[in-house]
Amino acid sequence: MFRILITDKLGDAGLQRLEEAEDAAYEMNTDLSREELLEVIPGYDALIVRSGTKVDAGVLEAGERLQVVGRAGIGVDNIDVRAATRRGIVVMNTPHANAVATAEQTMTLMLALSRHTAPAHASLKAGEWRRSDFVGVELYDKILGIIGFGRIGRLVAQRAQAFGMDVLAYDPYVPEEVGQEMGVSLVPLEELLPQADYLTLHSVVTPETEKMINAGTIAQMKEGVRLVNVARGKLIDEQALADALQSGAVAGAAVDVYSQEPPQDNPMLQAPKVLHTPHLGASTIEAQRAVATEIVAQVLDALRGGGFRNALNMPFPAGPEVAAARPFMELGEKMGALLDALAPDSIRQVEVTVEGDQADDLVRPVAAAVLKGILQRSLSVPVNDINAHLLAEDRDITVSQTAGLAPADYPTLVSSRARWEGGQHTLTGALFGDGRPRIVQIDDAQVNASPEGTVLIIRSDDTPDVLGQVGTVFAAYDVGIAAWHMERKEPGKEAFSFVNLDGVPPEGLLQALEKIPAVTALNVAAL
Ligand code: MLT
């Protein structure tokens with residue numbers, strides 16, 4: 001039974017889905033202090049949050065059996081994604097579910113700011129009738145500058161165009177063609193700022209974007225610009241914006257988000273011409289229903305091993321199509337474990353090549369699996385597809401991955417080379433017709449070995465009596481042999497045996513084999 005903890009309010013539709021799941025039990029507790037969260041989290045397989053719970057490295061560390069953190073919404077700035085990755089915990093969000101709600105909130109605020117809706121309402125309620133004090137401006141024929149042209153930015157562009165606005169956008173990660181198709185010019189920030197009558201922010205907070213609206217960028221803006229922020233408060237230097245509102249350089253601002261929420265001692269609260277809302281971008285019935293049902297479905301799928309939709313920290317796209325890669329990942333993991341067993345020293349470099357059918361799709365999942373195979377024996381933390389690359393990086397292992405054209409003899413071939421100080425080994429593997437993985441080459445030698453169970457690799461001089469001597473030792477230790485594959489490059493040179501044992505080698509077996517003069521190296525791998 002999977003145990004799921006929900007620590008921020010989640011829509012009933014999502015809870016209903018969890019109640020229907022026969023393999024999952026959930027608890028919703030939205031009042032937990034950090035200490036209480038640390039205390040209870042070890043008992044859960046998944047944690048579902050919105051923006052209210054801070055999922056920091058300590059919480060992730062305490063979550064001994066935590067496999068998934070699901071964010072019902074888009075922004076994951078309350079989750080330490082890198083710490084989750086290091087722990088092998090998948091982090092997923094629902095990037096589509098509340099995009100329309102957020103785009104509509106942007107338009108709501110842009111219009112309300114332009115027409116003084118909030119102060120006019122307050123004035124009328126106070127018994128006044130001051131029509132001439134609330135003369136507004138139109139969106140029509142104005143230039144809207146969109147900073148961050150992802151899903152929400154594009155929805156805002158469509159809506160603004162319907163109001164007759166000309167739209168410019170700035171997003172260093174979006175190609176120009178995307179804008180062209182929508183009639184939006186993607187321009188550098190320094191071109192956008194002096195032209196825009198309205199600015200709206202739709203970026204995530206990163207070290208590059210934090211406080212990107214500051215005294216310097218405000219100085220580049222058109223005099224009398226109006227600014228809307230429904231993204232994140234930390235995108236703005238709030239003191240600088242408050243000063244610009246005071247001086248009139250900025251004619252008005254609508255803010256739904258704050259650097260600290262709820263805002264306290266925030267200069268924007270005292271600034272004139274500001275329309276405030278309490279982080280309501282995603283707060284529609286439709287969006288809350290959608291984020292709740294989507295995150296529950298995604299978290300259940302991930303726990304059941306059925307796919308990792310909208311995972312933010314998988315090293316490869318991980319929708320349901322990942323099922324096709326699984327047998328190759330199994331092969332890659334076994335190759336990694338064999339390389340780890342064969343390497344006499346710490347592996348410093350790993351090269352993974354996939355050639356043939358779907359090589360482009362397979363190479364990243366297979367590379368993660370090879371690293372997992374290499375690392376898992378020597379590390380005390382569990383290694384999985386999510387943390388394998390980061391753990392390799394922590395250990396200064398350089399990794400390269402290459403997709404190649406179809407090889408001659410197999411539809412798809414996986415090769416993996418590991419180098420260490422002074423040496424290297426290369427394994428090549430394939431899936432045979434029965435779907436089982438096979439090792440087909442070890443360094444220069446062609447083999448047909450099954451990487452299953454306990455494997456003993458024996459390197460020896462190619463003397464006539466070595467097979468008999470090794471067999472005698474196996475018999476003496478009552479060792480069952482499932483398969484024994486022997487290869488040599490040329491007669492009289494080095495030979496090696498790939499032996500599938502029936503179980504783990506009994507005490508003393510390896511020492512007895514080492515005493516055979518022709519035996520030069522022994523390696524055992526549990527696959
Ligand atoms: C989001 O990131 O999804 C929105 O800001 C709404 C929220 O924080 O829940």
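Predicted model only: the values in this text are computed from it and were never measured.

Peer 1: Any chance you could break down the overall build of the protein chain for me, citing the residues and the numbers?
Peer 2: Across its full length, the protein chain carries 18 helices and 22 strands. The C-alpha radius of gyration computed for the protein chain amounts to 30 Å, which surpasses the reference 24 Å derived for 527 residues by more than 25%, pointing to a less compact arrangement than a globule. Once the C-alpha set of the protein chain is aligned to its principal axes, its extents read approximately 110 × 45 × 35 Å. Pairs at least 24 residues apart make up 62% of the contacts formed inside the protein chain by residues separated by at least 6 positions. Accessible surface, the protein chain as shown: approximately 24,700 Å² in total, 50% of it carbon and sulfur. Side-chain charges in the protein chain split into 44 positive and 72 negative, and the spacing between the mean points of these groups amounts to 4 Å.

Peer 1: I'd like to hear about the pairing of strand β21 (residues 494–501), residue by residue, with values.
Peer 2: Of all eight residues in β21, seven are buried; the element is thus mostly enclosed. Note that strand β19 (residues 454–461) and β21 share eight bridges and pair antiparallel. Bridged to R459 within β21 is F496. Linking two consecutive strands that pair antiparallel, namely strand β20 (residues 481–488) and β21, is a turn of five residues; a positive phi of about 85° is found at G492 within it.

Peer 1: An account of the nonpolar core is needed here, citing residue identities and associated values.
Peer 2: I4, L10 and V299 are the most contacted members of the largest nonpolar core, which totals 75 residues. By residue number, the principal contributor to this core is helix α15 (residues 359–375), which donates 11 residues. Sequence-distant contacts of L10, that is, excluding residues within four places in its chain, are made with L15, M28, I48, A72, A292, I295 and V296. One finds L193, M221, L227 and Y258 within the second-largest nonpolar core, a separate group that totals 30 residues.

Peer 1: Go over the packing of helix α14 (residues 322–342) against α15, please, and point to the residues and values.
Peer 2: Direction vectors running N to C along α14 and α15 enclose 35°, while the axes themselves pass 6 Å from each other. In this structure, the crossing between α14 and α15 has a hand that is right-handed. Listed contacts from α15 to A325, F328, M329, G332, E333, G336, A337 and D340 of α14 are L362, P365, V366, A369, V370, K372, G373 and I374. Per-class residue counts for the contact of α14 with α15 are 10 nonpolar, three polar and three charged.

Peer 1: For the sheet that holds strand β1 (residues 2–6), give the residues involved together with the corresponding values.
Peer 2: A sheet is described by the order of its strands in space; here five strands give the open sequence β2-β1-β3-β4-β5, paired in parallel fashion. Strands at the two margins of the open sheet, each flanked by one partner only, are β2 (24–28) and β5 (90–92). Direction aside, neighbouring strands of the sheet carry axes that sit 20° apart on average. When strand β3 (residues 46–49) meets strand β4 (residues 68–71), the two strands line up parallel, connected through four bridges. Across the sheet, the residue bridging to L47 is V69, located in β4. Strands in contact with helix α1 (residues 12–20) are β1 and β2; relative to β2, the strand with the most contacts, it is inclined by about 145°. Each of β1, β2, β3, β4 and β5 is contacted by helix α13 (residues 285–303), which is oriented at about 165° to β4, the strand it contacts most.

Peer 1: Summarise the site of the ligand; cite the residues concerned and give the values.
Peer 2: Near the ligand you find R50, S51, R71, G73, I74, G75, N98, R232, H279 and A282, and these make up its full shell. I74 is positioned such that a nitrogen or oxygen atom in its backbone is 2.6 Å from an oxygen atom of the ligand. R232 has a polar side-chain atom sitting 2.9 Å from an oxygen atom of the ligand. Look at the ligand: alone it shows 260 Å² of surface, and the protein chains cover 92% of it. Structurally, the ligand is housed in the largest pocket. A per-class count over the shell around the ligand returns two nonpolar, five polar and three charged.

Peer 1: Pulling in residues and values, what's your account of the pattern of salt bridges?
Peer 2: Applying the stated rule across the entire model yields 20 salt bridges. Across the pair E61 and R87 runs a salt bridge, and its minimum N-O distance is 3.9 Å. Remark: R87 occurs in the loop between α4 (81–86) and β5 and E61 occurs in helix α3 (residues 57–62); sequence separation between them is 26 residues. The exposed category is assigned to E61, whose relative accessible area is 51%. Overall, R87 belongs to the partly exposed group, its relative accessible area being 24%.

Peer 1: Outline the side chain of R232, listing residues and values.
Peer 2: Positionally, R232 belongs in the loop between β10 (225–229) and α11 (238–247). Using a relative accessible area of 15% as the deciding quantity, one classes R232 as buried. A distance of 2.8 Å separates the side chain of R232 from the side chain of D77, its partner in a polar contact. The contacts of R232, once residues within four sequence positions are left out, are R71, G75, D77, V205, V257 and H279.

Peer 1: An account of α1 is requested, with residue identities and associated values reported.
Peer 2: Structural remark: α-helix, 3.6 residues per turn; residues separated by three or four positions point the same way. Taken as a whole, α1 has its buried residues at G14, L15 and L18. The buried residues of α1 occupy an angular sector of 100° when the element is viewed end-on, so they sit on one face. In α1, the exposed residues that point more than 90 degrees away from the buried face are D12, E19 and E20. Taken together, the buried residues of α1 touch β1, β2 and α13.

Peer 1: Describe α11, and please don't skip the residues or the numbers.
Peer 2: Burial in α11 covers these residues: E238, A240, L241, A242, A244 and L245. The inward-facing, buried residues of α11 contact α10 (215–220), β10, β11 (250–255), α12 (267–270) and β12 (274–276). Looking one or two places after α11, you find G248, whose phi comes out positive at around 90°.

Peer 1: Explain unusual backbone geometry to me, and be specific about the residues and the numbers.
Peer 2: A cis amide bond links E261 with the next residue in sequence, P262, at an omega value of -10°. Mapped onto the elements, P262 comes out in the loop between β11 and α12. Backbone geometry at Q358 places phi at a positive 50°, although glycine is not the residue there. Following the sequence through the fold, Q358 ends up in the loop between β13 (347–356) and α15.

Rules of the game
Residues numbered from 1 in each chain as written. Predicted model: local features only at pLDDT ≥ 70, side-chain atom pairs only at ≥ 80, totals over all residues. Heavy atoms only, no water. Helix = DSSP H or I, 4+ residues; strand = E, 2+ residues; numbered from the N terminus. Rg over C-alpha atoms; globule rule 2.2 N^0.38 Å. Contact = heavy atoms within 4.5 Å. Areas by Shrake-Rupley, 256 points an atom, 1.4 Å probe, with all protein chains shown as cover. Lys, Arg positive; Asp, Glu negative; His and termini not counted. Charge placed at Lys NZ, Arg CZ, Asp CG, Glu CD. Buried < 20%, exposed > 50% of the residue type's maximum accessible area, 1.4 Å probe, protein only. Pairing = 2+ DSSP bridges. Core = buried A, V, L, I, M, F, W, Y, C linked by side-chain atoms within 4.5 Å. Axes fitted to C-alpha atoms, helices over the stretch in contact; angles between N-to-C directions. Left-handed = near helix turned anticlockwise from the far one by under 90°. Nonpolar A, V, L, I, M, F, W, Y, C, P; charged D, E, K, R; others polar. Near = heavy atom within 4 Å. Polar contact = N/O pair within 3.5 Å; in protein donor to acceptor, adjacent residues only side chain to side chain. 1 Å grid on protein atoms, 1.4 Å probe; cavity = no way out; pocket = protein on both sides within 12 Å on 5 of 7 lines; lining within 4 Å. Sits in = over half its atoms within 2 Å of the grid points. Salt bridge = Lys/Arg side-chain N within 4 Å of Asp/Glu carboxyl O. Arc of directions from axis to C-beta.

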